[in-house]
Amino acid sequence: QVQLVESGGGLVQAGGSLRLSCAASGSIFSINVMGWYRQAPGKQRELVADITKGSSTNYADSVKGRFTISRDNAKNTVYLQMDSLKPEDTAVYYCRALLVTATIYWGQGTQVTVYS
């Protein structure tokens with residue numbers, strides 16, 4: 001079992017920044033990839049960025065150059081630094097953990113709202 005707790009969402013003006021955090025607990029030794037996904041109203045959940053245990057990263061084209069994912073293995077935490085935010089970034093952001101067993105865990109989600 002893995003528990004994921006997100007924090008850092010909020011309301012921000014376009015062009016601003018936010019940093020999301022996701023703290024993992026439980027069977028953390030079995031986590032392979034951690035990532036951030038988002039879901040806007042009426043849309044499917046989509047990958048924003050993910051990072052492997054070896055710190056290889058992958059980004060959606062829509063956030064490349066604006067968002068940065070990182071992980072602190074000592075704190076069992078993954079971060080998403082979001083800069084130059086746009087109204088279209090508005091969504092509920094979810095942390096996801098993919099275990100070596102292919103089991104997936106999700107956080108509860110945190111709302112990010114960007115206004116123009």
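See the structure above.
Please read these numbers as outputs of a predicted model, since none were measured by experiment. (Residues numbered from 1 in each chain as written. Predicted model: local features only at pLDDT ≥ 70, side-chain atom pairs only at ≥ 80, totals over all residues. Heavy atoms only, no water.)

Some words on the pairing of strand β5 (residues 46–52)
Then comes step 1: Inspection of the sheet shows strand β4 (residues 31–39) paired to β5 by 6 bridges, in the antiparallel sense. Across the sheet, Arg 38 pairs through a bridge with Glu 46, a residue of β5.
Then comes step 2: In sequence, β5 turns back onto strand β6 (residues 57–59) through a hairpin of 4 residues, with Ser 55 there showing a positive phi of about 75°. (Pairing = 2+ DSSP bridges. Helix = DSSP H or I, 4+ residues; strand = E, 2+ residues; numbered from the N terminus.)

Comments concerning the packing of aromatic side chains
Then comes step 1: By the definition in use, this model includes 2 aromatic pairs.
Then comes step 2: Taking the centre distance of 5.1 Å and the plane angle of 75° together, the rings of Tyr 37 and Trp 106 count as edge-to-face. In this pair, Tyr 37 is assigned in strand β4 and Trp 106 in strand β10 (residues 104–106), connecting sequence segments 69 residues apart.
Then comes step 3: Look at Tyr 94 and Trp 106: their rings are 6.4 Å apart centre to centre, the planes differ by 90°, and that puts the pair in the edge-to-face class. Taken together, the residues Tyr 94 in strand β9 (residues 91–99) and Trp 106 in strand β10 connect sequence positions 12 residues apart.
Then comes step 4: Overall, Tyr 94 belongs to the buried group, its relative accessible area being 14%.
Then comes step 5: Assessed through its relative accessible area of 37%, Trp 106 is described here as partly exposed.
Then comes step 6: Cluster of aromatic residues (ring-pair linked, three or more members): Tyr 37, Tyr 94 and Trp 106.
Then comes step 7: Stacked on the ring of Tyr 94, the Lys or Arg Arg 45 has its end atom at 3.7 Å from the ring centre.
Then comes step 8: Positioned above the aromatic ring of Trp 106 is the side chain of Arg 45, whose terminal nitrogen or guanidinium carbon lies 4.5 Å from the ring centre. (Phe/Tyr/Trp six-rings, centres within 6.5 Å; stacked < 30°, edge-to-face > 60°. Buried < 20%, exposed > 50% of the residue type's maximum accessible area, 1.4 Å probe, protein only. Lys NZ or Arg CZ within 6 Å of the ring centre and 35° of its normal.)

Keep in mind that these numbers describe shape and distance, not what the molecule does.
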